[in-house]
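# Notes for the structure review
The chain contents come next:
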Amino acid sequence: MAPSEEKGVRVGDVSHSTFAIGSHARAESHHGVPAPRDAATEELLAAVRELRADLSRLQRSEQTVQLDAALAETEEEIDRTGTAGESRRQRLREVLADAQAVMALLASAGAVAGLLGM
C-alpha cells in the first residue's frame, strides 16, 4: 500500500478499560482494587475505625459530629488512595484538638492522636 492509502487505527473512549499494544505488551487491570497501604497507614486506619465505633456510643454533640465526619473522610481517603494526605491529617489534628473533652473520655482518641504526632 502506498502511504496515502494506509488504513489508520481509530481508538474511541478507553476510560475504565485495560489494553496493551505490541507483541510483548502486557495489560494489567487495577480498576476497583484498593490502593496498597503501608503499616503506619494500616495502623492509623484501624485507630480511626476504632474511634468512630467508640464515638457512636457517646451522646451526639457538635464536636462528636464534626469528629466523626473528619474520621469518615480520613477512612474514605485511605480506602480510595492508600494513604491519608498531609492536609487530611492536619484537618484531623485540628478537629481532635477542638474535641479535647471527647478525647479525654476515649482511649481510642488518644491512639489516633498519637499516630498523628499530637
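Please refer to the structure placed before this passage.
Here's what I pulled together on the structure shown here. (Residues numbered from 1 in each chain as written. Predicted model: local features only at pLDDT ≥ 70, side-chain atom pairs only at ≥ 80, totals over all residues. Heavy atoms only, no water.)

### Notes on the environment of Thr64
- Among the structural elements, Thr64 can be located in helix H2 (residues 62-81).
- Of the residues examined, Thr64 reaches a relative accessible area of 7% and is grouped as buried.
- Along the primary structure Thr64 and Ala99 are separated by 35 residues, whereas in three dimensions their C-alpha atoms are 7.4 Å apart.
- Beyond its immediate chain neighbours, meaning those up to four positions away, Thr64 contacts Leu55, Leu58, Gln59 and Val102. (Helix = DSSP H or I, 4+ residues; strand = E, 2+ residues; numbered from the N terminus. Buried < 20%, exposed > 50% of the residue type's maximum accessible area, 1.4 Å probe, protein only. Contact = heavy atoms within 4.5 Å.)

### Observations regarding the pattern of salt bridges
- Evaluated as defined, the whole model comprises 11 salt bridges.
- The partner of Arg88 in a salt bridge is Glu77, with the nearest N and O atoms 2.7 Å apart. On the criterion of sequence distance, the pair formed by Arg88 in helix H3 (residues 86-98) and Glu77 in helix H2 is long-range, its members being 11 residues apart.
- Of the residues examined, Glu77 reaches a relative accessible area of 11% and is grouped as buried.
- What you see here is one network of salt bridges that share partners, running through Arg37, Glu42, Arg49, Arg52, Asp68, Glu75 and Asp79. (Salt bridge = Lys/Arg side-chain N within 4 Å of Asp/Glu carboxyl O.)

### Structural notes on the nonpolar core
- If you look at the biggest cluster of nonpolar residues, it comprises 22 residues, and the most contacted ones within it are Leu51, Leu67, Leu92, Leu96 and Val112.
- For this core, the elements supplying multiple residues, two or more each, are helix H1 (39-55), H2, H3, helix H4 (100-105) and helix H5 (107-115).
- Ranked by the residues each element gives to this core, the list is headed by H1, at 6 residues.
- Leave out the neighbours within four places in its chain, and Leu96 touches Leu51, Leu67, Met103, Val112, Ala113, Leu116 and Met118. (Core = buried A, V, L, I, M, F, W, Y, C linked by side-chain atoms within 4.5 Å.)

### Topic: H1
- With 17 residues, H1 should reach 24 Å at 1.5 Å per residue; the first-to-last C-alpha distance of 24 Å fits that figure.
- Buried residues belonging to H1 abut H2, H3, H4 and H5. (Expected span 1.5 Å × (residues − 1).)

### A look at H2
- Here H2 contains 20 residues, and its C-alpha end-to-end distance of 28 Å stays within 8% of the 28 Å for a straight helix at 1.5 Å per residue.
- Within the span of H2, buried status applies to Thr64, Leu67, Ala70, Leu71, Thr74, Glu75, Glu77 and Ile78. One side of H2 holds all its buried residues, which, seen down the axis, span an arc of 160 degrees. Within H2, the exposed residues directed more than 90 degrees away from the buried face are Glu62 and Arg80.
- Packed against the buried residues of H2 are H1, H3 and H4.
- Gly82, located one to two residues past H2, shows a positive phi value of around 90 degrees. (Arc of directions from axis to C-beta.)

### Some points on the packing of H2 against H3
- The N-to-C vectors of H2 and H3 enclose an angle of 160 degrees; their axes lie 10 Å apart at closest approach. In terms of their interaxial angle, H2 and H3 are classed as roughly antiparallel. Of the two elements, H2 crosses H3, and the hand of that crossing is left-handed. Along the contact surface, H2 presents Gln63, Gln66, Leu67, Ala70, Leu71, Glu73, Thr74 and Glu77, while H3 presents Arg88, Leu92, Val95, Leu96 and Asp98.
- Looking at side-chain class alone, the contact of H2 with H3 contains 6 nonpolar, 3 polar and 4 charged residues. (Axes fitted to C-alpha atoms, helices over the stretch in contact; angles between N-to-C directions. Parallel < 35°, antiparallel > 145°, perpendicular 65-115°, else oblique. Left-handed = near helix turned anticlockwise from the far one by under 90°. Nonpolar A, V, L, I, M, F, W, Y, C, P; charged D, E, K, R; others polar.)

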